[in-house]
Amino acid sequence: MIALSNRITQLSESETLAMARKSRELKAQGFDVINLSLGEPDFFTPDYVKTAAKKAIDENFSFYTPVNGYLELRQAICKKLKRDNKLEFSPEQIVVSTGAKQALINTLLCLVNPGEEVIIAAPYWVSYRDMVKLAEGEAVYITAGIENDFKITPAQLEAAITPKTKVFMFSSPCNPTGSVYTREELKALADVFEKHPHVYILSDEIYEHINFSGSHESIAQFESVRERVIIINGVSKGFAMTGWRVGYLAAHLDIAKACTKLQGQFTSGTNSIAQRATIAAVDADPANTFEMLEKFRERRDLVLDLMKDIPGFITNKPEGAFYVFPNVKSYFGKSDGQTRVGNAAELCMYLLNKAQVALVPGDAFGDPECIRFSYATSNDLLIEAVSRLKKALAELE
Ligand code: PMP
Ligand code: GLU
């Protein structure tokens with residue numbers, strides 16, 4: 001047996017990636033699996049982005065880049081933050097990374113000392129929990145239920161903050177619930193943070209462009225907390241560029257410098273061609289993403305409508321991202337005569353084996369009564385998937 005470190009043995013495999021792997025394995029064995037586990041747009045990267053990448057290859061952008069990203073890209077990100085979010089940042093405050101994932105872990109590693117508390121708004125994106133573990137922080141969860149559209153209240157936040165709290169982290173639009181905090185709700189949270197100047201706010205805005213509720217709101221807009229907000233964003237979701245691996249953060253200069261130092265010892269600047277392509281993405285008029293947004297809205301409406309016919313599936317109305325997160329606890333304890341379904345993980349395995357639909361159990365996201373259903377696929381596949389789920393679930397009694 002190889003003597004691996006405690007650090008890695010204590011870490012869990014990402015459950016979204018694990019379900020995607022299982023579904024690929026079953027597909028390779030010839031099963032007709034509909035994979036709704038992985039959250040990634042099924043659209044192709046826009047042509048104007050691909051053209052910029054091809055040009056970058058021809059123009060020999062093949063050398064190491066500055067650790068924090070090309071200056072032109074960081075300038076383009078600053079322009080975007082001003083244009084879309086009315087936020088002023090200088091290029092020195094931007095760090096471009098290998099996906100938003102790296103921007104998140106960079107921030108946690110640069111801010112959190114062992115034992116300091118990181119408050120995570122639950123349901124949360126799967127990797128937050130293990131990233132906090134890697135940073136040796138103590139995760140503290142604030143759980144928001146479906147009755148509050150899975151959004152935490154200022155009173156919950158106030159009650160969770162202690163002198164040991166270092167960071168609060170959340171996503172809006174939220175993965176996995178699709179919930180979107182309104183400006184007023186963010187203001188109410190900012191008012192709580194105003195009273196606790198030792199807390200940093202990690203605001204994951206990767207689903208900014210997949211928001212059906214109107215314009216995107218960032219908690220960084222509030223002057224009272226502005227200096228302590230770290231905005232995480234990227235091009236994976238809004239520009240259908242998951243495989244290109246470009247994300248970024250915008251933060252106080254000291255945090256940006258720290259993240260650059262860390263990244264310089266770890267990965268260096270991310271892929272040069274992908275960075276050039278990202279300039280074209282963030283420079284483009286956001287209206288370019290509207291077509292994809294409309295498709296996602298159509299699919300959300302379709303899925304919610306179809307799910308109404310599944311008894312015991314309780315859903316909120318997601319206002320962003322591309323997930324539905326139904327509460328499925330009414331199926332726990334039921335059996336089809338062969339398999340007993342005790343919890344969300346067993347229900348997901350049952351649905352994978354019986355209906356060949358891959359979903360992710362809610363435990364991964366901090367709500368064990370739910371399962372996550374990604375609707376980032378075609379209407380035909382969504383109709384087929386929900387019909388298979390309905391049939392398999394009807395056999396449980
Ligand atoms: N944050 C959230 C909420 C996500 O859903 C994802 C999904 N990948 C990420 C961060 C990471 O994105 P990236 O592909 O840019 O690493
Ligand atoms: N963020 C996506 C998801 O939640 C991609 C998978 C991952 O990076 O974990 O499914």
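Heads up: these notes are all about the structure in this document. This one's a predicted model, so the numbers in the text were calculated from it and none came from an experiment.

About the thresholds
Residues numbered from 1 in each chain as written. Chains lettered and ligands numbered in written order. Predicted model: local features only at pLDDT ≥ 70, side-chain atom pairs only at ≥ 80, totals over all residues. Heavy atoms only, no water. Helix = DSSP H or I, 4+ residues; strand = E, 2+ residues; numbered from the N terminus. Expected span 1.5 Å × (residues − 1). Buried < 20%, exposed > 50% of the residue type's maximum accessible area, 1.4 Å probe, protein only. Contact = heavy atoms within 4.5 Å. Polar contact = N/O pair within 3.5 Å; in protein donor to acceptor, adjacent residues only side chain to side chain. Pairing = 2+ DSSP bridges. Near = heavy atom within 4 Å. Areas by Shrake-Rupley, 256 points an atom, 1.4 Å probe, with all protein chains shown as cover.

**With respect to helix 10 (residues 272–283)**
Between its first and last C-alpha, helix 10 extends 17 Å over twelve residues, near the 16 Å set by a 1.5 Å rise per residue. The buried fraction of helix 10 amounts to ten of the twelve residues, a majority that puts the element mostly inside the structure. Inspection of helix 10 places Ser272, Ile273, Ala274, Gln275, Arg276, Ala277, Thr278, Ile279, Ala281 and Val282 among the buried residues, and these make up the whole buried set. Considering only its buried residues, helix 10 is in contact with helix 3 (47–58), helix 4 (71–85) and strand 2 (94–97). Sitting at the amino-terminal end of helix 10 is Asn271, which places a side-chain oxygen 2.9 Å from the backbone nitrogen of Ile273.

**Focus: the pairing of strand 8 (residues 247–250)**
Side-chain alternation along strand 8 places Gly247 and Leu249 on one buried face and Tyr248 and Ala250 on a second face that is also buried. Two elements, strand 2 and strand 8, share four bridges in a ladder whose sense is antiparallel. Of the residues in strand 8, the one forming a bridge with Val95 is Leu249. In this structure, strand 7 (residues 229–234) lies alongside strand 8, joined through four bridges in antiparallel fashion. The residue bridging Asn233 from the neighbouring strand is Tyr248, located in strand 8.

**So, the site of ligand 2**
Lining the immediate environment of ligand 2, one finds Ser14, Thr16, Leu17, Ser37, Leu38, Gly39, Lys101, Trp125, Asn175, Lys237, Tyr323 and Arg372. The side chain of Thr16 places a nitrogen or oxygen atom 2.7 Å from an oxygen atom of ligand 2. One of the side-chain nitrogen or oxygen atoms of Asn175 is found 3.0 Å away from an oxygen atom of ligand 2. When ligand 2 sits alone it has 280 Å² of accessible area, and the protein chains cover 89% of it.

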